[in-house]
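Geometric and topological summary
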Amino acid sequence: VPCVHSGAMATPSPAKSMGDPGITPLSPTHIQVRDTDQNAQTGASFIVVVAIDFGTTSSGYAYAFVKEPECIHTMRRWEGGDPGVSNQKTPTTILLTPDRKFHSFGYAARDFYHDLDPTESKQWLYLEKFKMKLHTTANLSIDTELHAANGKKVKALDIFAYALAFFKEQALKELSDQAGADFDNADVRWVITVPAIWKMPAKQFMREAAYKASLVCRENPEQLIIALEPEAASIYCRKLRLHQMVDLGAKTSMNGYSPTDNVGSVMTQAKEHVRRNRQSRTFLVENVIGELWSELTEGDRYVVVDCGGGTVDLTVHQIRMPEGHLKELYKASGGPYGSIGIDYEFEKLLCKIFGQDFIDQFKIKRPAAWVDLMIAFESRKRAAAPDRTNPLNINLPFSFIDYYKKFRGHSVEHALRKSNVDFVKWSSQGMLRMSPDAMNALFKPTIDHIIQHLRELFDKPEVTDIKFLFLVGGFAESPLLQRAVQDMLQGRSRIIIPHDVGLTILKGAVLFGLDPGVIKVRRSPLTYGVGVLNRFVEGKHPPEKLLVKDGTRWCTDVFDTFISADQSVALGETVKRSYTPAKPSQQVIVIHIYCSEKERVAFISDPGVRKCGTLRLDLSGTEAPAPGVRREIQTLMQFGDTEIRAMALDVSTSRSVKASIDFLSQ
């Protein structure tokens, strides 16, 4: 009998584990447990689905009423807005008062911060682009901290909760205005989008922030769905009609554009089309499956490339007829190659010209002016295009010029002349003048990463015969990126770019919230399991793993695999294991969960295996069995959803036992 390896258990004797190791679909006797869940899945008790796209660079929300699912409303026009950047989203920026209270979000936060006196602005806490911290932090915990623009530290959980609370308030306000009465939060199913390549701790962190923001309460977890960004995009792309997208791969002309037309001009016309329709803010998703989709037949494959501000996510889906359900063919891949990489390159360029010491000082001493400089860069970044010939001018804030002179004792103009950066000149109007080559060079590292990743993906055996490549996310608007993807694919797949590319994920997330069962099969990104004791077999098990206990020879640290990396898992499919408390009086069983990127793992001590979470079975409040009766707790873990869930049952009484999985490092 294999036993669970009790690393940090209170009792020395190992808890026994029985049960078959395979993944077993739920047996009919347990379907009862799922009834209420099924009801929650269809969203029967909710009136409206509100999705929040919490992005690295910009954020927004959209909603649809369950009674009219084909009408997706994107959020109201916000105050503020940048020249040359028209979209329904607002920058993901947040401002706290000097005593750390929430002040404002988005354009409002940015404008208020900008107008503060420099001596004052040093006291206020301004944060932007902070979402990436959840991806880059190795051992994310509830206590992970972020740095504000003035260098001060704040708790990440507080910031994420403030942002979600802000969106909750905005959305409920808008719904109340529409209804003409206060809209009850209990009637809302919330959806929050996260990158598919995020690990479980980051997803759990988002959920914790939602609890803290009172978006939903801990007792009612299914009121909040965590949706994966490229999946949402995929669901929306199925609904596209031909007039709602630009097809870079079509041989014939479409919407009156011939494929030889410059990508840029096509996108400009597309943006014009979107702008004309913007007034309505309501998108009709026709209930038919889009025309493009009608070209897809059973088994056809397509790739969604979601290029956002922080990350790039690649997902491969296959269509299953007749309902058009989706199946994931290869585990989500990608990396931190979003458009903020270009901002970093610009910062590196400034350091090269003006010196790292000056830039570091300037950011801390004049944080609001630094933000202004990055905003000025942002609008020029959007003007970069493959065939551009005229230079791009970037306004240097007066305080930059002034502070540089004080710091170095010579002018900005002098610094530019003596720096060996050819492509950047000083214009007489007090601007940095960048040649198109200089701007393109800032894009290159990020775009190269994306193309490299796409190449590797297309080389995988699972990824052959891709019919379409959907390019979505805010960064997909970049003509430089579009051109690079076109050059790489050489006509192997058709490249489809939805017109409202920055809102694709938001709208898809609403559709997902209305019908979370649309994605039937996913691939596990990692191998998950626990450590168990097995009977020691000479010649099979390494001698150093031998443990002799009461005359029985055990092999320790055996990795009992729940699910393997890249294994396909159907929605609702569960892994079943049984655990026995080591002592009858034991109130809590704690089991460590281990994970690895490798598909095959023998021992929890193998290289690349790390402890990633704990499964906690709370036996308090359940009656102990009669003396001499062995207690068996049957645990069901679900891996087919966007989050991993656990349920448990006391076999002798058929009562459910409180089970929870925690992936945030304590």
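In this report, we go over the structure that sits alongside the text. Going along each chain's sequence as written, the residues are numbered from 1 onward. Thresholds applied to this predicted model are a pLDDT of at least 70 for local features of residues and 80 or more for the giving and counting of side-chain atom pairs; totals over whole chains, interfaces and linings are not thresholded and use all residues. In computing side-chain properties, one takes all heavy atoms of the structure into account and sets aside hydrogens as well as water.

**Considerations on the packing of helix 11 (residues 356-365) against helix 13 (residues 398-408)**
At a minimum axis distance of 11 Å, the contact between helix 11 and helix 13 shows a crossing angle of 125 degrees. Considering their axes alone, helix 11 and helix 13 lie oblique with respect to each other. Between helix 11 and helix 13 the crossing geometry is right-handed. Where helix 11 abuts helix 13, its residues Asp357, Phe358, Ile359, Gln361, Phe362 and Lys365 lie against Ser399, Phe400, Tyr403, Tyr404, Phe407 and Arg408. The nonpolar class holds Ala, Val, Leu, Ile, Met, Phe, Trp, Tyr, Cys and Pro. Asp, Glu, Lys and Arg form the charged class, and all remaining residues, Gly among them, are polar. For the contact of helix 11 with helix 13, the per-class residue count stands at seven nonpolar, two polar and three charged. Axis geometry follows a simple rule: fit a line to the C-alpha atoms, using only the stretch in contact for helices, then measure angles between N-to-C directions, giving values from 0 to 180 degrees. Labels follow the DSSP assignment, with helices taken as runs of H or I lasting at least four residues and strands as runs of E lasting at least two, numbered in each case from the N terminus. Angular relationships are summarised with four words: roughly parallel below 35 degrees, roughly antiparallel beyond 145, roughly perpendicular across 65 to 115, and oblique for the angles in between. A clockwise turn of the near helix away from the far one marks a right-handed crossing, whereas an anticlockwise turn of less than a right angle marks a left-handed crossing. Note on definitions: a residue-residue contact is assigned when non-hydrogen atoms from the two residues lie within 4.5 Å.

**As for the sheet that holds strand 21 (residues 424-427)**
The three strands lie next to each other as 20-22-21, forming an open sheet whose pairing is antiparallel. Each edge of the sheet is formed by a strand with only one pairing partner; in this case those strands are strand 20 (392-395) and strand 21. Adjacent strand axes in the sheet meet at a mean angle of 30 degrees when their direction is disregarded. When DSSP locates at least two bridges between a pair of strands, those strands are taken to pair. The sheet contact formed by strand 20 and strand 22 (residues 431-434) spans four bridges and is antiparallel. Note that in strand 22 the partner of Ile394 across the bridge is Leu432. Packing of helix 15 (residues 436-459) onto the sheet brings it into contact with strand 20 and strand 22, and relative to strand 22 it is tilted by some 80 degrees.

**Describing the pairing of strand 34 (residues 645-650)**
In this sheet, strand 34 lies alongside strand 33 (residues 633-638) in antiparallel orientation, the contact comprising six bridges. Considered in strand 34, the bridge of Gln638 is made with Arg645. A loop of six residues connects strand 33 with strand 34, the two strands running antiparallel in sequence. Sheet analysis places strand 34 next to strand 35 (residues 655-662), joined by three bridges and oriented antiparallel. Bridge pairing in strand 35 links Asp650 to Arg655.

**Side note on the pattern of salt bridges**
Note on definitions: salt bridges are taken to be side-chain nitrogens of Lys or Arg within 4 Å of carboxyl oxygens of Asp or Glu. Per the stated rule, a full pass over the model turns up 25 salt bridges. Between Lys89 and Asp53 there is a salt bridge, and its shortest N-O distance comes to 3.1 Å. Here Lys89 is found in the loop between strand 6 (71-74) and strand 7 (90-91), whereas its partner Asp53 is found in strand 4 (residues 48-54), with 36 residues between them in sequence. Just as Lys89 is buried, Asp53 falls in that class too. In this structure, Arg408 engages Asp357 in a salt bridge whose closest nitrogen and oxygen atoms are separated by 2.7 Å. With Arg408 in helix 13 and Asp357 in helix 11, the pair connects residues that are 51 residues apart, well separated along the chain. Burial classification: accessible surface area is computed with a 1.4 Å probe over protein chains only, and a residue below 20% of its type maximum counts as buried, one above 50% as exposed, and the rest as partly exposed. A residue is classified by how much of its surface remains accessible, and Arg408, at 29% relative accessible area, is partly exposed. The exposure class of Asp357 is partly exposed, given its relative accessible area of 39%. Here the salt bridges share partners, and the residues they tie into one network are Lys129, Asp343, Glu378, Lys381, Arg382 and Glu477.

**Focus: the sheet that holds strand 9 (residues 102-105)**
The pairing of strands in a sheet comes from backbone hydrogen bonds and takes either a parallel or an antiparallel form. Taken in spatial order, the three strands of this open sheet run 9-8-10, and their pairing is antiparallel. A strand with exactly one partner marks an edge of an open sheet, and here the two such strands are strand 9 and strand 10 (125-128). The average angle at which neighbouring strand axes cross in this sheet is 20 degrees, direction not considered.

**Here's the deal with unusual backbone geometry**
Even without being glycine, Ser214 reaches a positive phi, approximately 60 degrees. The topology assignment puts Ser214 in the loop between helix 6 (200-212) and strand 14 (224-228). A positive phi angle, close to 50 degrees, is found at Asp465, a residue other than glycine. With a relative accessible area of 68%, Asp465 lands in the exposed category.

**Some details on helix 7 (residues 229-237)**
In terms of residue burial, helix 7 counts as a mostly covered element, since nine of its nine residues are buried. Of all the positions in helix 7, only Glu229, Pro230, Glu231, Ala232, Ala233, Ser234, Ile235, Tyr236 and Cys237 are classed as buried.

**Examining the packing of aromatic side chains**
Each aromatic ring pair is described using two quantities: the centre-to-centre distance and the angle formed by the ring planes. For Phe, Tyr and Trp, rings pair up if their centres lie within 6.5 Å, where Trp contributes its six-membered ring, and each pair is then called stacked (planes under 30 degrees apart), edge-to-face (over 60) or tilted (otherwise). Under the defined criterion, the tally for this structure stands at 30 aromatic pairs. Between Phe102 and Phe166 the ring centres are 6.1 Å apart and the planes differ by 40 degrees, which places this aromatic pair in the tilted class. Of this pair, Phe102 sits in strand 9 while Phe166 sits in helix 5 (residues 156-179), and the two are 64 residues apart along the sequence. Of the residues examined, Phe102 reaches a relative accessible area of 28% and is grouped as partly exposed. A relative accessible area of 10% means that Phe166 is categorised as buried. An aromatic cluster is present here, built from Phe354, Phe358, Phe362, Phe400, Tyr403, Tyr404 and Phe407 joined pairwise through their rings. Note on criteria: charge over ring means Lys NZ or Arg CZ within 6 Å of the ring centre, with the direction from the centre no more than 35 degrees off the ring normal. Sitting above the plane of the Trp198 ring, Lys131 keeps its charged end 5.5 Å from the centroid. Here Arg535 stacks its cationic end above the ring of Trp554, 5.4 Å away from the centre of that ring.

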